[in-house]
Amino acid sequence: MRLAIFSDVHGNLTALKAVLADVKRQASDWVLFAGDCCLMGARPAECLDVVRETADLAVYGNTDEWLAVAPPAKPDDLDTEKKQAGWQTFEDRLAWTRDALGEERLGWLSRLPFAQRLAPTPNAADDLLMVHANPVDVLQTIQPTAALQMEKTGFVFEDTTDEILRPLLENV
């Protein structure tokens, strides 16, 4: 069984179409969407419609949750004008995207599950668990090793140590 898994479209219709064209060329048996469909891009409604028509299974991501369920809490550390302006820009994007999606599409997003389990073979050891960030919390990302982050980007965003990973993965 050939699976295509994609995520983090963020309203970028051009990129979504390119990915799905490649998925079609690869002749995937199942197309799975792992969250973050709409927020931050210019074509949120169109992206949601394409994902809804294309994906056999889907889960929500953190930005989908912010749009359809509840926005994140306002940070306590907006102590500079730059941080305040950044938060205002985020709130404006959130409101614009919600308006662009409308209630019906927001309802679809709100009904997406946190996780989907897929059994590609009769062997339970082959089961796949699809989530957006990790199997416990959609808001807690798992980053590459600090060494790999430094090599690729020149800085370390967050070091995901084994102590952080163990509780996130112990029941998978």
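Calculation notes
Residues numbered from 1 in each chain as written. Predicted model: local features only at pLDDT ≥ 70, side-chain atom pairs only at ≥ 80, totals over all residues. Heavy atoms only, no water. Helix = DSSP H or I, 4+ residues; strand = E, 2+ residues; numbered from the N terminus. Buried < 20%, exposed > 50% of the residue type's maximum accessible area, 1.4 Å probe, protein only. Lys, Arg positive; Asp, Glu negative; His and termini not counted. Salt bridge = Lys/Arg side-chain N within 4 Å of Asp/Glu carboxyl O. Polar contact = N/O pair within 3.5 Å; in protein donor to acceptor, adjacent residues only side chain to side chain. Pairing = 2+ DSSP bridges. Right-handed = clockwise from strand over helix to strand, strands pointing away. Core = buried A, V, L, I, M, F, W, Y, C linked by side-chain atoms within 4.5 Å. Contact = heavy atoms within 4.5 Å. Axes fitted to C-alpha atoms, helices over the stretch in contact; angles between N-to-C directions. Parallel < 35°, antiparallel > 145°, perpendicular 65-115°, else oblique. Left-handed = near helix turned anticlockwise from the far one by under 90°. Nonpolar A, V, L, I, M, F, W, Y, C, P; charged D, E, K, R; others polar.

J.: Would you take a moment to explain the side chain of Asp 64 for this structure?
T.: Residue position: Asp 64 is located in helix H3 (residues 62-68). The buried charged residue Asp 64 lacks any salt bridge, with Arg 98 as its nearest oppositely charged partner at 11 Å. Side-chain polar atoms of Asp 64 contact the backbone nitrogen of Gly 61, separated by 2.8 Å.

J.: Any chance you could explain the pairing of strand S2 (residues 30-33) here in plain terms?
T.: One face of the sheet, then the other: side chains in a regular strand alternate in exactly this way. Judged from the 4 bridges that link them, strand S1 (residues 3-6) and S2 form a sheet pairing that is parallel. Paired with Leu 3 across the strands is Trp 30, a residue of S2. Viewed along the sheet, the connection from S1 through helix H1 (residues 13-26) into S2 turns out right-handed. Examined bridge by bridge, S2 and strand S3 (residues 57-58) share 2 bridges and lie parallel to one another. When the bridges of S3 are listed, Leu 32 appears paired with Leu 57. For the segment spanning S2, helix H2 (residues 44-54) and S3, crossover handedness is right-handed.

J.: Just checking my understanding: could you explain the nonpolar core for this structure?
T.: Taken as a class, soluble globular proteins show a tendency for nonpolar side chains to be buried jointly. Counting residues in hydrophobic clusters, the biggest one holds 33 residues, and the most contacted among them are Phe 6, Leu 16, Phe 33, Val 51, Leu 67, Leu 101 and Leu 109. Those elements that place two or more of their residues in this core are S1, H1, S2, H2, H3 and helix H4 (81-110).

J.: What am I meant to see in the sheet that holds S3 here?
T.: The strands making up a sheet associate through hydrogen bonds between their backbones, and the pairing can be parallel or antiparallel. As summarised here, the arrangement of the 3 strands in space is S1-S2-S3, forming an open sheet in which the pairing is parallel. Single-partner strands in this sheet number two, and they are S1 and S3.

J.: Even after reading the chapter, I still don't get H2, so can you show me in this structure?
T.: Each α-helix winds once per 3.6 residues, and so residues spaced three or four apart point in a common direction. Listing the buried residues of H2 in full gives Pro 44, Ala 45, Cys 47, Leu 48, Val 50 and Val 51. Residues of H2 that are buried make contact with S1, H1, S2 and H4.

J.: It is not clear to me how the packing of H1 against H2 should be interpreted in this structure. Could you clarify?
T.: Geometry of a packed helix pair, given as the angle between the helix axes and the separation of the axes. Contact pair H1 / H2: the axes reach a minimum separation of 9 Å and the direction vectors enclose 20°. Taken together, the axis directions place H1 and H2 in an arrangement best described as roughly parallel. Between H1 and H2 lies a crossing whose hand is left-handed. When H1 is examined against H2, the residues Leu 13, Leu 16 and Leu 20 are found in contact with a partner set consisting of Glu 46, Cys 47, Val 50, Val 51 and Thr 54. Residue classes in the contact of H1 with H2 are distributed as 6 nonpolar, 1 polar and 1 charged.

J.: So what exactly am I meant to see when it comes to unusual backbone geometry here?
T.: Trans is the prevailing form of peptide bonds, just as negative phi is the prevailing case for residues other than glycine. Phi angles above zero are rare outside glycine, and Ala 27 is one such case at about 55°. Inspection of the secondary structure assignment puts Ala 27 in the loop between H1 and S2. Notably, Asp 36 is not glycine yet its phi reads approximately 70°, a positive angle. Turning to its location among the elements, Asp 36 is positioned in the loop between S2 and H2.

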